[in-house]
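Spelled out, the chains give:
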Amino acid sequence: MSSTSERQTPSRDLAFLAKSQLLTSEEVDRALTRMAHEIVEHNAHLDELRLIGLQTGGVAFAQRIASILSDIVGANVTSAFLDVSFYRDDLNRNPMPKSAATTIDRDLTDQSVVLVDDVLFTGRTIRAALNALSDWGRPRTVQLAVMVDRGHRELPIRADYVGKNLPTSREEAIRATLDGVWIGAREPK
Amino acid sequence: MIETLRGQNLLTLDGVSRQALVEVLDTAESFVEVNRRTIKKVPALKGRVVASLFFEESTRTRLSFETAAKRLSADVLSLAVASSSVKKGESLRDTIATIDALGIDAVVLRHQSSGAALQVSRYVPHVRVINAGDGLHQHPTQGLLDAFTVRQVLSERAGTNGVESGAALFEGLRVLIVGDVRHSRVARSDVAAYAALGCEVRVAAPGTLLPTDVENWPVKVVDDFDDALEWADVVGLLRLQRERGSGSFVPSLAEFTATFGLTIERARRLRPTTIVMHPGPMNRGVEIDSRVADLPCAMIGRQVTNGVPIRMAVLYLSVVGSLEGAR
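A word on the overall build of chain A
Then, in step 1: The number of helices and strands found in chain A is 3 helices and 8 strands.
Then, in step 2: Starting at the N terminus and ending at the C terminus, chain A contains elements arranged as β-α-β-α-β-β-α-β-β-β-β.
Then, in step 3: For 189 residues, the compact-globule estimate of 2.2 N^0.38 gives 16 Å, and chain A sits close to it at 16 Å.
Then, in step 4: For the C-alpha atoms alone, the extent of chain A along its principal axes is close to 45 × 35 × 25 Å.

Quick look at the environment of Leu79(B)
All names here are of chain B.
Then, in step 1: Structurally, Leu79 is set in strand β2 (residues 75-80).
Then, in step 2: C-alpha of Leu79 to C-alpha of Gly47: the two residues are 32 residues apart in sequence and 19 Å apart in space.
Then, in step 3: Beyond its immediate sequence surroundings of up to four residues, Leu79 is in contact with Ala51, Ser52, Leu53 and Ser84.

Brief notes about helix α2 (residues 57-73) of chain A
All names here are of chain A.
Then, in step 1: The end-to-end C-alpha distance of α2 is 25 Å, a good match for the 24 Å that 17 residues give at a rise of 1.5 Å each.
Then, in step 2: Here α2 has its buried residues at Gly57, Gly58, Val59, Ala60, Phe61, Ala62, Arg64, Ile65, Ala66, Ile68 and Leu69.
Then, in step 3: Next to the buried residues of α2 lie α1 (25-42), β2 (49-54), β3 (79-82), β4 (112-120), β5 (141-149) and β7 (173-177).
Then, in step 4: One or two residues past the end of α2 sits Gly74, with phi positive at roughly 70°.

So, the sheet that holds strand β6 (residues 200-204) of chain B
Residues and elements named next belong to chain B.
Then, in step 1: Reading across from one edge, β7-β6-β5-β8-β9 is the order of the 5 strands in this open sheet, with parallel pairing throughout. Both edges of this open sheet fall to β7 (220-222) and β9 (275-277), since each of them pairs with a single strand only. Going from strand to strand, the sheet's axes swing by 25° on average, the running direction of each strand aside.
Then, in step 2: Bridge count between strand β8 (residues 234-237) and β9: 3 bridges; the pairing is parallel. Bridge pairing links Val234 to Ile275 in β9.
Then, in step 3: Running at roughly 160° to β9, helix α5 (residues 140-157) makes contact with β8 and β9 of the sheet.

Describing the domain arrangement of chain B
Residues and elements named next belong to chain B.
Then, in step 1: Assigned domains of chain B: these are domain 1 (18-138 + 307-321) and domain 2 (140-304).
Then, in step 2: Between the C-alpha centres of domain 1 and domain 2 the distance comes to 25 Å.
Then, in step 3: With 21 residues of domain 1 at the interface, the matching set in domain 2 holds 22 residues.
Then, in step 4: Per-element tally for the side of domain 1 that touches domain 2: the top contributor is helix α1 (residues 18-36), with 8 residues.
Then, in step 5: Of the residues in the side of domain 1 that touches domain 2, the class split is 9 nonpolar, 6 polar and 6 charged.

Looking at the sheet that holds strand β8 (residues 180-188) of chain A
Residue and element names in this part refer to chain A.
Then, in step 1: A sheet is described by the order of its strands in space; here 3 strands give the open sequence β1-β8-β7, paired in antiparallel fashion. Two strands lie at the open edges of the sheet, namely β1 (14-24) and β7, each paired on one side alone. Averaged over all neighbouring strand pairs, the angle between strand axes comes to 35°, with direction disregarded.
Then, in step 2: Where β1 lies against β8, 9 bridges are found, and the strand directions are antiparallel. Across the sheet, Leu14 pairs through a bridge with Pro188, a residue of β8.
Then, in step 3: Here α1 sits on the sheet and contacts β1 and β8; the angle it forms with β1, its principal contact strand, is near 75°.

Examining the nonpolar core
Then, in step 1: Among the nonpolar cores identified, the biggest contains 150 residues, and Ile65(A) and Leu315(B) are the most heavily contacted of them.
Then, in step 2: Top element by residues in this core is helix α12 (residues 300-321) of chain B. It accounts for 11 residues.
Then, in step 3: Taken together, domain 1 (18-138 + 307-321) and domain 2 (140-304) of chain B each give at least three residues to this core, which thus spans both.
Then, in step 4: Each residue touching Ile65(A), except ones within four places of it in the same chain, is listed here: Leu32(A), Met35(A), Ala36(A), Leu51(A), Val116(A) and Ala145(A).

Considerations on the pairing of β6(B)
Residue and element names in this part refer to chain B.
Then, in step 1: Bridge count between strand β5 (residues 174-178) and β6: 5 bridges; the pairing is parallel. Its bridge partner being in β6, Val175 is matched across the sheet by Val201.
Then, in step 2: In this view, the connection linking β5 to its parallel neighbour β6 by way of helix α7 (residues 185-196) has right-handed handedness.
Then, in step 3: Two elements, β6 and β7, share 3 bridges in a ladder whose sense is parallel. Bridge assignment links Arg202 to a residue of β7, and that residue is Lys220.

Concerning the environment of Arg242(B)
Then, in step 1: Summarising the element assignment, Arg242(B) is placed in the loop between β8 and α9 (253-260).
Then, in step 2: Spatially, the C-alpha atoms of Arg242(B) and Asp180(B) are 9.8 Å apart, while their sequence positions differ by 62 residues.

A closer look at the packing of α1(A) against α2(A)
Residue and element names in this part refer to chain A.
Then, in step 1: It is the contact of α1 with α2, at a shortest axis distance of 9 Å, that shows an interaxial angle of 60°. With respect to each other, α1 and α2 are oriented oblique. As α1 packs across α2, the resulting crossing turns out to be right-handed. Of the residues in α2, those in contact with Leu32, Thr33, Met35, Ala36, His37, Ile39 and Val40 of α1 are Phe61, Arg64, Ile65, Ile68, Leu69, Ile72 and Val73.

Let's talk about the packing of α5(B) against α12(B)
Residues and elements named next belong to chain B.
Then, in step 1: Relative to each other, α5 and α12 sit at 115°, their axes nearing to 8 Å. Judged by the twist between their axes, the crossing of α5 over α12 is right-handed. Contact with α5, carried on its side by Thr141, Leu144, Leu145, Asp146, Phe148, Thr149 and Gln152, involves Arg302, Gln303, Asn306, Gly307, Ile310, Arg311 and Val314 of α12 and no other residues of that element.
Then, in step 2: The class makeup of the residues in the contact of α5 with α12 is 5 nonpolar, 6 polar and 3 charged.

Digging into the pairing of β5(A)
Residue and element names in this part refer to chain A.
Then, in step 1: One ladder, built from 8 bridges, connects β4 with β5; its direction is parallel. When the bridges of β5 are listed, Val119 appears paired with Val148.
Then, in step 2: Note on the crossover from β4 through helix α3 (residues 124-133) to β5: the handedness is right-handed.
Then, in step 3: Sheet analysis places β5 next to strand β6 (residues 161-165), joined by 4 bridges and oriented parallel. Bridge pairing links Asp149 to Asn165 in β6.

Definitions and cut-offs
Residues numbered from 1 in each chain as written. Chains lettered and ligands numbered in written order. Predicted model: local features only at pLDDT ≥ 70, side-chain atom pairs only at ≥ 80, totals over all residues. Helix = DSSP H or I, 4+ residues; strand = E, 2+ residues; numbered from the N terminus. Rg over C-alpha atoms; globule rule 2.2 N^0.38 Å. Contact = placed C-beta atoms within 7 Å. Expected span 1.5 Å × (residues − 1). Buried ≥ 20, exposed ≤ 12 C-beta atoms within 10 Å, placed from the backbone. Pairing = 2+ DSSP bridges. Axes fitted to C-alpha atoms, helices over the stretch in contact; angles between N-to-C directions. Domains from an automatic or database assignment. Nonpolar A, V, L, I, M, F, W, Y, C, P; charged D, E, K, R; others polar. Core = buried A, V, L, I, M, F, W, Y, C linked by C-beta atoms within 7 Å. Right-handed = clockwise from strand over helix to strand, strands pointing away. Parallel < 35°, antiparallel > 145°, perpendicular 65-115°, else oblique. Left-handed = near helix turned anticlockwise from the far one by under 90°.

Here it is, written out as structure tokens:
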């Protein structure tokens, strides 16, 4: 849980200190249900849909959206995970992220990929994910679903499905999990 | 104590902490997945240069280091010593200086002299040095890949995965290292890794092939190979290093095989769960019977396969870790 928004901030050796809760777990789940319906609306061929959660914060959201989608369409929708550590452009600037499992087990050529992450901030994680995806073939489309869009993009990247738009300052920190969304600050551990 | 390999040279496994070892094994776990992909490459070391300097012959170590560097998108400078100026008498220092002048981020060094890697790390402090075997001293990546292979096999049996198991599967694991311990850098690295990870390590060898300082090792020396085989969960065989004169340390190869070789008769008496390892190249018929090498308990092929992800992990941690805050 503590790792969810750590990738968003310059230093990963800081702990998250919550100031106030912005969404409850029920509100998070309602937002994810709405996003799942939007995904169904925008993707005619759900059998070609591939949900990919970004390690580590996006994993729980991808799994939850997959389970909601399964209920909506009455078929089993699965999710895979992608770790973008080795594709980051800030490997030599930030403390190295701890690598985690990638579980994409098939070619993504001609599939509709939905990347799922917890917080969209600078967009650099998504840029790394787009580079990584090209190693698995040529998806027909790549869409992006995020629980929280907090602004401050450094790259021309936008989300297709957003749980909640939260205007923030750069100094603030966001933690988004299935249990809720908090705004807070970074404190040295 | 070395607590992490990030940004560090890898010269020895002596004094590397359990936490640092587990970090390498866990990172290698991610690279196993990369090696299963159709496109077996990640851009982590794009634009970095890794020089591979092998002053001693090698098949698997050299190939697996160069494969590892290439799969991390690094450029590889490979020096074939036999056709280089080393043959004209160029010193190690001058050779390193020449390569350094070309601009390198890491050097992978195999050398016949113990301590060569440490020496090179003093010549070029701004370059990460990875020891790929120095004389009788250490072969750290072999120790790491042996530990990785053991963890992989045990975690598969336990129905878990390597990262989840951490170092737990090594706790109290009974490891027997047998053969030419005296001349073996693999034994020195293996013992350091297994001991740091919490294993109970024993060595079995003819008295002449025991290192003179073995009492300082974190091991127990045993005389009866057959008893030890019954005791062991993991049997690590070592090559009888005839090029280092090991042949003259034993009365005859046949006698060595009879007393300390893993013959097919001995292999048949092993417990079904015992893992047999050999770093290669094997002297089939000397320390290991040819038929034993092909039994399912022998992990020799798996050790070679695991060489690539382990060396990717080492290069990644060592080189990328050193660039932290560089800009």
